[in-house]
Amino acid sequence: MEAEQGNPNWDIIFMDGHGSIRNLADRGFLHTDFEPENISNVKDEYEELIPEDNAYFPIGMHAAGVIAYNTDILTEEEVPKTWEEFYEYDGPIGHADPAVAAPAYPLVSGIFNEWGIEEGKEIYTERFEKGINIYPKNGPLTTGLINGEIHLAALQEHNAYEAILDDEPVDLIWPEEGAPGSLRVVAINKESDNIEEAEQFVEFLMDAETQEFLTSIDSDAASFFTPMAEGVEVREGRPENPEMMLPEAEWAAEYEEEIKTWFADQNVQ
């Protein structure tokens, strides 16, 4: 999308990370002021996640990172129960690269927002010195956890549940203070030649029947998420409303470049 600014070839973006989408909206990429007919479907507790300019719409939320662990190496009693304990763990840990994996920036921004930018940098600096494995995506991260290359992972919940469903030696902990949240949103290119069709697709995604279908796909771990539409329940086996650490979109957009650049600089040292 960045590369195609002069000649965009996309109509709709559907992705994790409201901060990154807010960043695009602030720079004039997105179609605004569209009000879906079914916008009232959004549950009352999530209405505040809809921006005033309607530049994007929340469809669901999941954990950008839970504490996942290798059950051949650690017992549930030995696993850290908080993020502070996770980063202090005396053994190999890892997570995905926030500059590459879409859910990884929500993970890191959730942590930085919770602790503060400077304290977050201090904690990560100490962990980089101690050792942390950074993987390009959550898939390779999961593989590293399964084969014992790392003991613990700040792992997107979809990947964690997928490993569990596949009977891999993996289990997860929902941290006591909450999991960094990844808000999945849909937005429309303001330069699209198919605005009307794109708006219809947004309506489709916001429909309760669509979200109920998405949470019912037993063959896909991506169905583990918190749906935004009223009356739709989460997939069985997942907490109904887990505590999420979700920065405001404006904050996540403002600090996106700084956090990603700083993280990349530390990662190459």
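Everything in this summary refers to the structure shown in the same document. Note that residues are indexed from 1 along each chain, following the sequence as it is written. Two thresholds apply to this predicted model, a pLDDT of at least 70 for residue-level local features and 80 or more for giving and counting side-chain atom pairs, whereas whole-chain, interface and lining totals are computed over all residues. The basis for every side-chain value is the complete set of heavy atoms in the structure, and neither hydrogens nor water enter the calculation.

### Let's talk about the overall build of the protein
Thinking step 1. Along the protein, the regular secondary structure elements total 10 helices and 10 strands.
Thinking step 2. Only C-alpha atoms enter the radius of gyration, while the globule expectation follows 2.2 Å times N to the 0.38, with N the number of residues. Taken over the C-alpha trace, the protein has a radius of gyration of 19 Å; the compact-globule value for 269 residues is 18 Å, and the two agree within 12%.
Thinking step 3. Counting only C-alpha atoms and orienting by the principal axes, one finds that the protein spans roughly 55 × 40 × 30 Å.
Thinking step 4. Exposure is judged per residue with a 1.4 Å probe applied to protein chains only, and the accessible area is read against the type maximum: over 50% gives exposed, under 20% gives buried, and values in between give partly exposed. The buried share among the 269 residues of the protein stands at 55%.
Thinking step 5. Residue pairs at least 24 apart in sequence account for 73% of intrachain contacts in the protein once pairs closer than 6 positions are excluded. Comment: elements are numbered from the N terminus, with helices defined as DSSP H or I runs of at least four residues and strands as E runs of at least two. What makes two residues a contact is simply this: any of their non-hydrogen atoms within 4.5 Å.

### Observations concerning the sheet that holds strand S3 (residues 66-70)
Thinking step 1. By definition, two strands form a pair when at least two bridges between them are found by DSSP. With mixed pairing, the 5 strands of this open sheet are ordered in space as S5-S4-S6-S3-S7. Unpaired on one side and paired on the other, strand S5 (133-135) and strand S7 (170-173) mark the two borders of the sheet. Direction aside, neighbouring strands of the sheet carry axes that sit 25 degrees apart on average.
Thinking step 2. By the bridge criterion, 3 bridges tie strand S4 (residues 93-96) to S5 in an arrangement that is parallel. What sits directly across from glycine 94, in S5, is asparagine 133. An axis is simply a line fitted to the C-alpha atoms; with a helix, the fit covers only the stretch in contact. Between two such axes, the angle follows the N-to-C directions and lies from 0 to 180 degrees.

### Some details on the nonpolar core
Thinking step 1. Throughout, nonpolar core names a set of buried Ala, Val, Leu, Ile, Met, Phe, Trp, Tyr and Cys residues whose side chains join them through atoms within 4.5 Å. Of all hydrophobic cores here, the largest spans 47 residues; its most connected members are Ile21, Leu30 and Phe57.
Thinking step 2. Aside from chain neighbours lying at most four places away, what touches isoleucine 21 is Ile13, Met15, Leu30, Tyr56, Val185 and Ala187.
Thinking step 3. Listed in part, the 31 residues of the second largest apolar core include Tyr69, Ile111, Phe128 and Phe263.

Everything listed is a geometric property; what it means functionally is a separate question.
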